[in-house]
Amino acid sequence: MKELILAANDEELNSVAGGANSLGELVHTVEENLVTLTAPVDAGVDAAEYIIATNL
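Keep in mind the model is a prediction, meaning the values are calculated, not measured.

Asker: Whenever I open this one, the overall build of the chain confuses me. Can you help?
Answerer: Tallying secondary structure elements over the chain gives one helix and zero strands in all. For the chain, the C-alpha radius of gyration of 24 Å lies well beyond 10 Å, the compact-globule estimate for 56 residues. Projecting the C-alpha coordinates of the chain onto the three principal axes gives extents of approximately 80 × 10 × 5 Å. Counting the 56 residues in the chain, one finds 0% classified as buried. Total accessible area on the chain stands at roughly 5,000 Å², and carbon and sulfur atoms take up 66% of it.

Encoded structure:
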């Protein structure tokens, strides 16, 4: 009986660990997408600052 409980606990822990890994991957994907989305904005700001600086 004790072995069954330990096996069930191991399975639950593996499931939780798998879920945590999936969540970590999702967060990483979101971070990558944010970088992709903000890069053009950053480039536009840099270009605007350059234009302003060179025309003053």
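Asker: Quick question: what am I supposed to make of a nonpolar patch on the surface here?
Answerer: Nonpolar side chains collect at one region of the surface, where Leu23, Leu26, Val27, Val30, Leu34 and Leu37 lie side by side and expose about 560 Å² of accessible area between them. Turning to its location among the elements, Leu26 is positioned in helix α1 (residues 2–54).

Asker: Can you walk me through the environment of Glu3 in this structure?
Answerer: Summarising the element assignment, Glu3 is placed in helix α1. Along the backbone, Glu3 and Val27 are 24 residues apart, and their C-alpha atoms lie at a distance of 36 Å.

Asker: Please explain α1 as it appears in this structure.
Answerer: Over its 53 residues, α1 extends 76 Å from the first C-alpha to the last, a length consistent with the 78 Å expected when each residue adds 1.5 Å. The largest bend along α1 measures about 30° and falls at Thr38, with the proline Pro40 one to four residues further on.

Calculation notes
Residues numbered from 1 in each chain as written. Predicted model: local features only at pLDDT ≥ 70, side-chain atom pairs only at ≥ 80, totals over all residues. Heavy atoms only, no water. Helix = DSSP H or I, 4+ residues; strand = E, 2+ residues; numbered from the N terminus. Rg over C-alpha atoms; globule rule 2.2 N^0.38 Å. Buried < 20%, exposed > 50% of the residue type's maximum accessible area, 1.4 Å probe, protein only. Areas by Shrake-Rupley, 256 points an atom, 1.4 Å probe, with all protein chains shown as cover. Patch = residues over 30% accessible without salt bridge, like charges linked within 9 Å, V, L, I, M, F, W, Y side chains within 5 Å. Salt bridge = Lys/Arg side-chain N within 4 Å of Asp/Glu carboxyl O. Expected span 1.5 Å × (residues − 1). Bend = angle between axes of the 7 residues up to and from the residue.

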